[in-house]
Amino acid sequence: MKPRSINIFLLDGDPDGVKVAQIAMSTIHAIAFRRNQLRRVRDTFPEIERPGVYVLIGADETEPGRLLGYIGESEGVGGRLATHSADSARNFWTDTVVLVSKDENLTKSHARYVEASLIRAVGDNPRWTLPNTNRPSSDAGKLPLPDRVAMDEFIDQTKTLVGALGWDLFKVLRGPVTPAAQAAEAPPAPSPAAAERFSFRGEGFDAEMKIGPSGEIIVTGGSKARLRTTPTIPKGTVAMRQMLQDRGVLKPSQEHLVFEGEYVFSSPSAAAAVVTGASANGRVVWKLPDGRTYADWEDCQNQKAGGSSAAPEA
């Protein structure tokens, strides 16, 4: 992770419309649009017909809360997307991100190398499933060393751009808990926020939550979730718990479901609900050792960030 300056162009001035994102001084364009805008994008951005990679994004209708991300490459991305649009196997597809180069130095081999690397990267995010039926081999798009270095930078920028456009497809959401794995790479010095640890304990569960360097809500490895659930548990929480078990994040033991590694949740309440097996207000149930709730801590952080607030009007 390093600081980036990203320029985002809104074709219609609409944040929900066609967007083009580019890292400053880079030659990579990320074009994001909805499936039904493909014809307009092809007419407006001729570079989409060049070699490149693309991500087809949609929701998994069979498993609530899970997303699908099909990753592909082509010598002519626009034409390939038109072919996909007529394919019933791509019915899940609603949103698109295309990555192409401003110049014409990107080749078919380059695109295959990037595609293979991106497909492997998604394996670190259990929120997403790849509907790709054919997975590239380890030597897909094999390149000379200078080209690999250039394409590794392309891949790094691709992950940043896709994330900046709103998709956490390439974000690592779980981490190891084994001492050997933790010692393999020393973590960066935590920010004050990242040093905070919250706990949530009760009958059948004992979990710890921390705040990541970018404000992520992370349940730590080794945390114990309740094995049983309540009759009123939200359906989305049932699906999330099952998904985490299917992906090996939660492992059943005799009395608990144990987090085998760290996992990032969308909110404190989502994390608390999975831990307790019931609906829960995570803003009040997660607590610091001094008894302050997550809501108390967040209010304090926001006051520090914004300075003293003005007195309310009479």
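Up top is the structure these notes are about.
What this report covers is the structure whose coordinates are included nearby. (Residues numbered from 1 in each chain as written. Predicted model: local features only at pLDDT ≥ 70, side-chain atom pairs only at ≥ 80, totals over all residues. Heavy atoms only, no water.)

Right, let's talk about the overall build of the protein chain for a bit. Along the backbone of the protein chain there are 9 helices and 14 strands. Residue burial in the protein chain is summarised as follows: out of 314 residues, 43% are buried. Within the protein chain, contacts between residues separated by at least 24 positions form 64% of all contacts whose residues are at least 6 apart in sequence. Surface accessibility of the protein chain: about 16,400 Å² in total, with carbon and sulfur atoms responsible for 51%. (Helix = DSSP H or I, 4+ residues; strand = E, 2+ residues; numbered from the N terminus. Buried < 20%, exposed > 50% of the residue type's maximum accessible area, 1.4 Å probe, protein only. Contact = heavy atoms within 4.5 Å. Areas by Shrake-Rupley, 256 points an atom, 1.4 Å probe, with all protein chains shown as cover.)

As enumerated under the stated definition, the model contains 9 aromatic pairs in all. Summarising the aromatic geometry, the rings of Phe 198 and Trp 297 are spaced 5.6 Å apart at their centres and angled 80 degrees between planes, so their arrangement reads as edge-to-face. Of the two residues, Phe 198 is situated in strand 8 (residues 197–202) and Trp 297 in helix 9 (residues 294–306); the sequence distance between them amounts to 99 residues. Pair check on accessibility: Phe 198 and Trp 297 agree, each one buried. One aromatic cluster in this structure is built from Phe 198, Tyr 294 and Trp 297. (Phe/Tyr/Trp six-rings, centres within 6.5 Å; stacked < 30°, edge-to-face > 60°.)

On to the nonpolar core. Ranked by internal contacts, the top residues of the largest apolar core, which has 30 residues, are Ile 71, Val 97, Leu 99, Phe 154 and Phe 170. For this core, the secondary structure elements donating two or more residues are strand 2 (19–23), strand 3 (28–34), strand 4 (52–59), strand 6 (95–101), helix 3 (108–122) and helix 4 (145–164). It is helix 3 that provides the largest number of residues to this core, a total of 7 residues. Counting 26 residues, the second largest nonpolar core, distinct from the first, contains Met 209, Met 243, Leu 250 and Phe 259. (Core = buried A, V, L, I, M, F, W, Y, C linked by side-chain atoms within 4.5 Å.)

For the rest of this paragraph, the subject is the packing of helix 3 against helix 4. Packing of helix 3 against helix 4 leaves a shortest axis separation of 10 Å and a crossing angle of 50 degrees. Here helix 3 lies oblique to helix 4, going by the angle between them. In the packing of helix 3 onto helix 4, the handedness of the crossing is right-handed. Across the interface between the two elements, His 110, Tyr 113, Val 114, Ser 117, Leu 118 and Ala 121 from helix 3 touch Asp 147, Arg 148, Met 151, Asp 152, Phe 154, Ile 155, Thr 158 and Lys 159 from helix 4. Across the contact of helix 3 with helix 4, the residue classes break down as 7 nonpolar, 3 polar and 4 charged. (Axes fitted to C-alpha atoms, helices over the stretch in contact; angles between N-to-C directions. Parallel < 35°, antiparallel > 145°, perpendicular 65-115°, else oblique. Left-handed = near helix turned anticlockwise from the far one by under 90°. Nonpolar A, V, L, I, M, F, W, Y, C, P; charged D, E, K, R; others polar.)

A few words on the side chain of Gln 22. Structurally, the position occupied by Gln 22 is in strand 2. Judged by its relative accessible area of 16%, Gln 22 is buried. At a separation of 3.3 Å, a polar atom in the side chain of Gln 22 contacts the side chain of His 29. For Gln 22, the residues in contact, after removing those within four places along its chain, are Ser 5, Ile 6, Asn 7, Ile 28, His 29, Lys 102 and Leu 161. (Polar contact = N/O pair within 3.5 Å; in protein donor to acceptor, adjacent residues only side chain to side chain.)

A full pass over the atoms with the stated rule returns 13 salt bridges. For Arg 197, the salt bridge identified is with Glu 208, shortest N-O distance 2.7 Å. Placement of Arg 197 in strand 8 and of Glu 208 in strand 9 (residues 205–211) is noted, with a sequence separation of 11 residues between them. With a relative accessible area of 30%, Glu 208 lands in the partly exposed category. Connected via shared salt-bridge partners are Arg 4, Glu 153 and Asp 156. (Salt bridge = Lys/Arg side-chain N within 4 Å of Asp/Glu carboxyl O.)

Let us now look at helix 6 (residues 235–246). Since there are 3.6 residues in each turn of an α-helix, residues three or four apart along the chain are aligned in direction. If you check helix 6, its first and last C-alpha atoms are 17 Å apart, about what 12 residues at 1.5 Å a residue would give, namely 16 Å. Buried residues along helix 6 sit against strand 11 (224–226), strand 12 (250–252), strand 13 (256–259), strand 14 (263–265) and helix 7 (268–276). At the C-terminal side of helix 6, Gly 248 shows a positive phi close to 80 degrees. (Expected span 1.5 Å × (residues − 1).)

All right, on to the side chain of Asp 95 then. By the secondary structure assignment, Asp 95 is in strand 6. Take Asp 95: its relative accessible area is 14%, and that puts it in the buried class. Leaving out residues up to four positions away in the same chain, Asp 95 has contacts with Phe 33, Arg 34, Val 55, Leu 56, Ile 57 and Trp 167.

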